[in-house]
Amino acid sequence: MASDLLFRANDPAAKLVEALATRLRRRQIVGSRNVALATAVLIQNIVRGVKYSTVDELLLIIRAIGRRLVDANPKELASGNIVRRILRLIREEFRAAAAAALSAPSSMPGTPFLGPETPGLHVPSTHYLSNDLQFAFVPSASASSAMPLAAGVSMSPAALARQTSLSNFVAMRHSRAQLERSGSVLDLSASTSSLFTSPSAARERGDSPGLSSEERAEYAMEREDFLRQSGKLKPVLIQAIEEVVGELETTHEDVAKGAREHIHSSEVIFTMGHSKTVESFLKQASRDRKFTVIVAESAPSYLGHTMAASLSAHGIPTLLVPDAAVHALMPRITKVILGAHSVLANGGLFALAGSLAAALAARLHAKPVVVTTGQFKFAPAWNLYHDYGAVDFQGPGAVVGQSVPGEHGEEVVDPYYDYIRPELVNLFVTNEGDHPPSYVYRIIKEAYDDDDVEL
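J.: Now, about the overall build of the protein: what can you tell me, with residues and values included?
T.: Of regular secondary structure, the protein possesses 18 helices and 10 strands. When burial is assessed residue by residue, the protein has 50% of its 455 residues classed as buried. In the protein, the proportion of contacts linking residues at least 24 apart, taken out of those at least 6 apart, comes to 80%. Split by element, the accessible area of the protein, about 20800 Å² in all, is 54% carbon and sulfur.

J.: Run through the sheet that holds strand β3 (residues 318-321), naming residues and quoting values.
T.: Sheet architecture is open: 7 strands sit in the order β3-β2-β1-β4-β7-β9-β10, paired in mixed fashion. In the strand order of this sheet, the two ends are held by β3 and β10 (433-435), each with one partner. Mean inter-strand twist for the sheet, computed between neighbouring axes without regard to direction, equals 25°. Its contacts with the sheet put helix α13 (residues 276-285) on β1 (268-272), β2 (292-296), β4 (335-339), β7 (369-372) and β9 (427-430), and the angle it makes with β4 is roughly 135°.

J.: Which residues make up the nonpolar core, and what are the values?
T.: Counting residues in each nonpolar core, the largest one holds 42 residues, and the members touching the most others are Ile 46, Val 47, Leu 58, Ile 62, Ile 82, Ile 90 and Leu 248. Listing elements by their share of this core, those giving two or more residues are α2 (12-25), α3 (32-49), α4 (55-72), α5 (77-103) and α11 (234-249). Looking at which element gives the most residues to this core, the answer is α5, with 9 residues. Excluding residues within four positions of it along the chain, Ile 46 makes contact with Ala 13, Val 17, Ile 61 and Ile 65. Formed by 32 residues, the second largest nonpolar core is a distinct cluster that contains Ala 296, Ala 351, Val 371 and Ile 444.

J.: Please set out the pairing of β4 residue by residue, giving values where relevant.
T.: Most of β4 sits inside the fold, with 5 of its 5 residues counted as buried. Residues Lys 335, Ile 337 and Gly 339 line one face of β4 and the alternating positions Val 336 and Leu 338 line the opposite face, and both faces are buried. As judged from the 2 bridges shared by β1 and β4, these two strands associate in the parallel manner. Across the sheet, the residue bridging to Ile 269 is Lys 335, located in β4. Judged from the 4 bridges that link them, β4 and β7 form a sheet pairing that is parallel.

J.: So what about the side chain of Glu 279? Which residues, and what values?
T.: Tracing the sequence through the fold places Glu 279 in helix α13. With relative accessibility at 7%, the residue Glu 279 sits in the buried group. Polar contacts involving the side chain of Glu 279 include one to the side chain of Ser 310, which spans 2.4 Å.

J.: Residues and numbers for the side chain of His 262, please.
T.: Locating His 262 in the fold gives a position in the loop between α12 (251-256) and β1. Excluding residues that lie within four positions of it along the chain, His 262 makes contacts with Glu 267, Phe 281, Lys 335, Leu 427, Val 429 and Asp 434.

J.: Describe helix α16 (residues 355-364), with residues and values.
T.: For α16, the complete set of buried residues consists of Ser 355, Ala 358, Ala 359, Ala 361 and Ala 362. For α16, the angular spread of the buried residues around the axis is 165°, confining them to a single face. Summarising the geometry of α16, the exposed residues directed more than 90 degrees from the buried face are Arg 363 and Leu 364. Residues of α16 that are buried make contact with β1, α15 (326-329), β4, β6 (349-352), β7 and β8 (417-420). Positive phi shows up at Ala 366, right after α16, with a value of about 60°.

J.: So what's going on with the pattern of salt bridges? Which residues, and what values?
T.: Under the defined criterion, the tally for this structure stands at 14 salt bridges. A salt bridge links Arg 88 to Glu 92, with the nearest nitrogen and oxygen atoms 3.3 Å apart. With a gap of 4 residues between them, Arg 88 and Glu 92 both fall in helix α5, about one helical turn apart. Assessed through its relative accessible area of 15%, Arg 88 is described here as buried. Via salt bridges that share partners, Arg 63, Arg 88, Arg 91, Glu 92, Asp 449 and Asp 452 belong to a single interconnected network.

J.: Can you explain the sheet that holds β6? Please cite residues and give values.
T.: The strand order across the open sheet built from 3 strands is β5-β6-β8, with neighbouring strands paired in antiparallel fashion. At either margin of the open sheet sits one strand with a lone partner, and together these are β5 (342-343) and β8. For β6 and β8, the ladder comprises 4 bridges, and the chain directions are antiparallel. If you follow Leu 349 over to β8, its bridge partner there is Ile 420. Of the strands in this sheet, β6 and β8 are in contact with α16, which crosses β8 at around 35°.

J.: Pulling in residues and values, what's your account of the packing of α2 against α4?
T.: Two numbers describe a pair of packed helices, the interaxial angle and the distance between the axes. Relative orientation of the contacting elements α2 and α4 amounts to 25°, with a least axis distance of 8 Å. Judged by the angle between their axes, α2 and α4 are roughly parallel. Crossing handedness for the pair α2 and α4: right-handed. Taken together, the residues of α4 that come into contact with α2 (itself represented by Val 17, Glu 18, Leu 20, Ala 21, Leu 24 and Arg 25) are Ile 65, Arg 68, Leu 69 and Ala 72. Looking at the contact of α2 with α4 residue by residue, the class counts come to 7 nonpolar, no polar and 3 charged.

J.: Requested: an account of α11, with residues and values cited.
T.: The end-to-end C-alpha distance of α11, which contains 16 residues, comes to 23 Å, matching closely the 22 Å that a straight helix rising 1.5 Å per residue would cover. Taken together, the buried positions of α11 are occupied by Lys 234, Val 236, Leu 237, Ile 238, Ala 240, Ile 241, Val 244, Val 245 and Leu 248.

J.: For the environment of Ala 299, give the residues involved together with the corresponding values.
T.: On the secondary structure map, Ala 299 appears in the loop between β2 and α14 (303-313). According to the relative accessible area criterion, Ala 299 is partly exposed, its value standing at 33%. Along the backbone, Ala 299 and Pro 322 are 23 residues apart, and their C-alpha atoms lie at a distance of 8.1 Å.

J.: Requested: an account of unusual backbone geometry, with residues and values cited.
T.: In the segment running from Ala 299 into Pro 300, the intervening peptide bond is cis, with an omega of 5°. Note on placement: Pro 300 falls in the loop between β2 and α14. Despite not being glycine, Ser 298 has its phi angle at roughly 60°, a positive value. Relative accessible area serves as the criterion here: at 1%, Ser 298 is assigned to the buried category. One non-glycine residue, Ala 366, lies in the positive phi region at around 60°. You can see Ala 366 is positioned in the loop between α16 and β7.

The rules behind the values
Residues numbered from 1 in each chain as written. Predicted model: local features only at pLDDT ≥ 70, side-chain atom pairs only at ≥ 80, totals over all residues. Heavy atoms only, no water. Helix = DSSP H or I, 4+ residues; strand = E, 2+ residues; numbered from the N terminus. Buried < 20%, exposed > 50% of the residue type's maximum accessible area, 1.4 Å probe, protein only. Contact = heavy atoms within 4.5 Å. Areas by Shrake-Rupley, 256 points an atom, 1.4 Å probe, with all protein chains shown as cover. Pairing = 2+ DSSP bridges. Axes fitted to C-alpha atoms, helices over the stretch in contact; angles between N-to-C directions. Core = buried A, V, L, I, M, F, W, Y, C linked by side-chain atoms within 4.5 Å. Polar contact = N/O pair within 3.5 Å; in protein donor to acceptor, adjacent residues only side chain to side chain. Arc of directions from axis to C-beta. Salt bridge = Lys/Arg side-chain N within 4 Å of Asp/Glu carboxyl O. Parallel < 35°, antiparallel > 145°, perpendicular 65-115°, else oblique. Left-handed = near helix turned anticlockwise from the far one by under 90°. Nonpolar A, V, L, I, M, F, W, Y, C, P; charged D, E, K, R; others polar. Expected span 1.5 Å × (residues − 1).

Have a look at this one:
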């Protein structure tokens, strides 16, 4: 398989993948955003350097990379999320190119298509991209190699007249919305091979239009010619991944844009640990509002000290309190704002250890709990808290001090994160808007393809 041969020791791409997997396994990359950025940049470099003959070969390689990174550190869900996001983008770009090739007039191959005048794509029933006639995509023998070499493709004059230039592929990115408004029949959520199902299968279903063998051979050749042009999409795919990288880099700023809508003057805000997203959110709100922030020190990491120092230096009145004082101070607090390590499909989330105690105290005192996070942390996973290994653990030395854990038969558990149930959260503030926990599953459904839930 292409995915297996990709990881040969002497392969430059394999070295890049193994380097990132080693850093994940050794916890040399900390934070979901850093993991997501490293994953996106890695896949961008792979796409830029890999040689492939069809889009399906590229998808196989990227899925193999995703499995390798997830296996290196299953607790870092952000790496798998980014891989799923990129897989969906590649399929969308492929379909946009297919729609452009389908709709561009043969006499004007370089003219971008801006959508039909009437709803629906008027495709002849005998066309190879028609819903009535479908062909099966059977991977060629070259799909079994890790990095297939680019080869020249000889095409007939008729096929050359029908192929779309690269400018059409790029222009199609900007006309995708117009296609959707016009009622395009192409389903952007299906896999690439779903554009083609076998004529024999169509005949068995009774849907075959009764083509002659010569016509079927001609359409099969057209289908192969179009698939072999997938290499021309590489600049478009790299640009799409670059947009993902840019979105990750500006996540903190995008989340903070709506801060003044959630924080009001004279409020007393509680937070804990040091979340860059929460820090940017509070600093943005301080430009228009005057409020006080209470920060729990978050032992044993004591990341709250860093957060308190940063907010205080920005001119925000800040109080640093021990974790034991959270419940006593909750009646005076007006709102709890927390960061998230990852968000699950049921609306629950993993957050810094100690966040569960704060969320439970807030619920007891009827205080709203707001979670600020980027949507790249939304993972298509359910009920991970039922698994004992779902919550990451660290050494208990910082908790028990110099004593040797277990010398008297006790077991010391020191988790990195707490699982917070969805009913303890009031609102998720993301870079794409505000959502209640009950809507998270819908966002995940729209962000990832069903085929990629299991990499």
